[in-house]
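This is what each chain is made of:
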Amino acid sequence: MSISVRIRHDLGGFKLDADFAIDKPGITALFGPSGSGKTSIVNAIAGLLRPQDGSIVIGGETVLDTRSGIFVPPQLRRVGYVFQDARLFPHMSVESNLRFGWRRAPVPAEESEFARVVAMLSLEALLARRPTKLSGGEKNRVALGRALLSSPRILLLDEPLAALDAARKAEILPYLERLRDEAKLPMLYVSHSLDEVAQLADSVIIVKDGKTVAQGPVFDMLADLDISALTGTPSFGAVIDTRVSAHREAEGLSVLSFDGGALIVPLLRRQVGQRLRVRIRAEDVMLAAEEPRTISANNVLLSTVANLRETGSTHADVQLRCGNARFVARITRASAHRLGLKPGMPMFAVMKSVIVDPQASAVAP
Amino acid sequence: MLSPAEIEALLLSLRISAVAVLCALPVAIALAALLAHRRFPGKAIVDGALHLPMVLPPVVVGYLLLILLGTRAPVGAWLLQHLGIRFAFSWTGAALASGIITFPFQFRAIRLSIEAIDSGIGDAAKTLGASAFDRFVNLTLPLALPGIVAGAVTAFAACLGEFGAIITFVSNIPGETRTLPLAIYSALQSPGGEAEAARLSMLAIGLALIGVTLAEFADRRIRVFAGR
């Protein structure tokens, strides 16, 4: 299932100009600051907004083509949409909400699929309840299930976590991760939070002032210095896709391996072999020209300088490559000059801390 | 306690009001849905016209009906000749007049409740594959139910009190068009009818109280149903 979008639309002075394609299952984040036009883009895909110019193709079917006057109305597009505010039907039970799109699908999913989605989102106990009796996180889970059960060709998620507090977010995230890992369909995930993007997305599309400006795999995009300059956000650091490779319980440590080496973190509650994303903040990385042998930090990786960018008057962001993984170090401009940093130079990166999803860690933070 | 004539007036009032409200209800729902959702040129004029019966003197409405639907008036004569329908001097005419006078009560309440439905819910239903008719039946109607019931109950109560349009259009015929208010009026016109007028007035007050209580009860139950 694939989707390609090429639209232009004038929203009363604000110009929308989106051009991208997604051709595999998994989560693609539509990332940009609030008001950059992300929701308008997904509304156009769903058919809730009719762009003045352009075309949208979903799974080979042209649902919009302004030149030949094609506009397929939203109810015939088979696009699942999870709204930020859930938008459950208040006069129906949770089960009726879940079955609303399921009943209306051209080929309704099997009853076993209903049971599977209910189990995946842990909705069994909520089925008889009314939406008014649900917490914010529960509402979002029901909205997610309702959209999934309508047999969509693509799933749009418009900041499904933005209205939730940190505890509720932590409650939903594992479900979204599971959805990503079992991915059978492309998902477009609108977000202005780099944390969410880092934890969930497989690839990222960056939206700025109504324009889609860049697209790429999440691990490359987050560590890309040009991108952080483009979005105007301070460098996020990096997210690295790792696998739990061993537990050293006597020392209270776990070893995570990734393409380029291994990281040592406090003991984890995850099985060996499981995939885990870790984040390394740019501020937490120091550089050393020679291997520091007597040092308290556990993680010292021999890397190559890939890129360098001065940020503000004091700092410089250094992008490093270690195997196929990329990460970023924020150092002072003075240090960068003293070390004589240039692309291609080998450097030892010293990581003061590696951030692991709090749910995976065995020790309370 | 009540004379057969008084019971007759009471039952006639209930029948006329019920028919008036039930016949106007689908029209009110359709027009309310149309005006709540659609934009079209002249919408403000249509909106104003639909509220007119509420502000016109009922006697004027009765008079207009008379010159339109009287047995010798063009439309009235045609209806009688071709369809055998007669409104003039008949209880159906009383129901028609009451239905028109109280139409704005239903229309307004229903329109407000339809407008109060979050349009985002309709968008969600669209993305789940629901057509316009499907959304109207499964979302708009149930979610507007509190307004529909409130409008119908208010209109019913107003129908029970209708006087001017009925007496102008269909006159004051015992057993046919003499509803409770007309019976009270007739009693006051006849010598020694004060006691009867008082009894009938008490009856009208009792009916109003029952109506208000039922409406309140129904409203609470329906709001729970509609998840508000």
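Residues numbered from 1 in each chain as written. Chains lettered and ligands numbered in written order. Predicted model: local features only at pLDDT ≥ 70, side-chain atom pairs only at ≥ 80, totals over all residues.

Trainee: Looking at this structure, I do not really get the overall build of chain A. What am I missing?
Mentor: Each helix and strand in chain A was counted, giving nine helices and 21 strands. For chain A, whose C-alpha radius of gyration is 22 Å, the value lies close to the compact-globule estimate of 21 Å for 365 residues. Here chain A holds 365 residues, and 41% of them are scored as buried. Contacts in chain A between residues far apart in sequence, at least 24 positions, make up 67% of those at least 6 positions apart. (Helix = DSSP H or I, 4+ residues; strand = E, 2+ residues; numbered from the N terminus. Rg over C-alpha atoms; globule rule 2.2 N^0.38 Å. Buried ≥ 20, exposed ≤ 12 C-beta atoms within 10 Å, placed from the backbone. Contact = placed C-beta atoms within 7 Å.)

Trainee: Can you help me understand helix α4 (residues 136-148) of chain A in this one?
Mentor: Residues separated by three or four positions in an α-helix point in the same direction, a consequence of the helix having 3.6 residues per turn. All names here are of chain A. Taking 1.5 Å of rise per residue, 13 residues should cover 18 Å, and α4 covers 19 Å from first to last C-alpha, within 8% of that figure. Buried residues dominate α4, accounting for 12 of its 13 residues. Of the residues making up α4, those classed as buried are Gly137, Glu138, Lys139, Asn140, Arg141, Val142, Ala143, Leu144, Gly145, Arg146, Ala147 and Leu148. The inward-facing, buried residues of α4 contact β7 (79-82), α2 (94-104), α3 (111-120), β8 (154-158) and α5 (166-181). (Expected span 1.5 Å × (residues − 1).)

Trainee: Mind showing me how you'd approach the sheet that holds strand β12 (residues 238-248) of chain A here?
Mentor: Across a sheet, strands are paired by hydrogen bonds formed along the backbone, either parallel or antiparallel in direction. Residue and element names in this part refer to chain A. If you walk across this open sheet you meet the five strands as β14-β13-β12-β15-β21, and the pairing is antiparallel. Only two strands of the sheet have a single neighbouring strand rather than two, namely β14 (261-266) and β21 (355-356). In the sheet, strand β13 (residues 253-258) pairs with β14 via six bridges, with the strands oriented antiparallel. In the sheet register, Leu256 faces β14, and the bridge partner there is Leu263. (Pairing = 2+ DSSP bridges.)

Trainee: Sorry, what's going on with the packing of α2 of chain A against α4 of chain A here?
Mentor: Between two packed helices, the angle of one axis relative to the other and the distance separating the axes together describe the packing. Residue and element names in this part refer to chain A. The N-to-C vectors of α2 and α4 enclose an angle of 30 degrees; their axes lie 6 Å apart at closest approach. Between α2 and α4, the angle falls in the class roughly parallel. Both α2 and α4 take part in a crossing whose hand is right-handed. Residues Val94, Asn97, Leu98, Phe100 and Gly101 of α2 lie in contact with α4, whose contacting residues are Val142, Gly145, Arg146 and Ala147. Residues that form the contact of α2 with α4 fall into these classes: five nonpolar, three polar and one charged. (Axes fitted to C-alpha atoms, helices over the stretch in contact; angles between N-to-C directions. Parallel < 35°, antiparallel > 145°, perpendicular 65-115°, else oblique. Left-handed = near helix turned anticlockwise from the far one by under 90°. Nonpolar A, V, L, I, M, F, W, Y, C, P; charged D, E, K, R; others polar.)

Trainee: How do you make sense of the interface of chain A and chain B when you look at a structure like this?
Mentor: Many structure descriptions define interface size as the accessible area lost when the parts assemble. On the side of chain B, 17 residues touch chain A, which itself brings 22 residues to the contact. Taken together, the elements giving at least two residues each to the side of chain A that touches chain B come down to β7 and α2 of chain A. Partitioned by chemical class, the residues of the side of chain A that touches chain B number 11 nonpolar, six polar and five charged.

Trainee: What's the story with the nonpolar core in this structure? I'm lost.
Mentor: What tends to happen in soluble globular proteins is that the nonpolar side chains get buried as a cluster. Grouped together as the largest cluster of nonpolar side chains are 156 residues, with contacts concentrated most on Leu30, Leu156 and Tyr189 of chain A together with Ala97 of chain B. Here the element with the most residues in this core is helix α7 (residues 132-160) of chain B; it accounts for 14 residues. (Core = buried A, V, L, I, M, F, W, Y, C linked by C-beta atoms within 7 Å.)

Trainee: How should helix α6 (residues 119-127) of chain B be read in this particular structure?
Mentor: Restricting attention to buried positions, one finds in α6 of chain B the residues Ile121, Ala124, Ala125, Lys126 and Thr127 of chain B. The elements touched by buried residues of α6 of chain B are α1 (38-46) and β7 of chain A together with α7 of chain B. Among the residues trailing α6 of chain B, Gly129 of chain B stands out with phi positive, at a value near 95 degrees.

Spatial relationships are all this shows, so hold off on functional conclusions.
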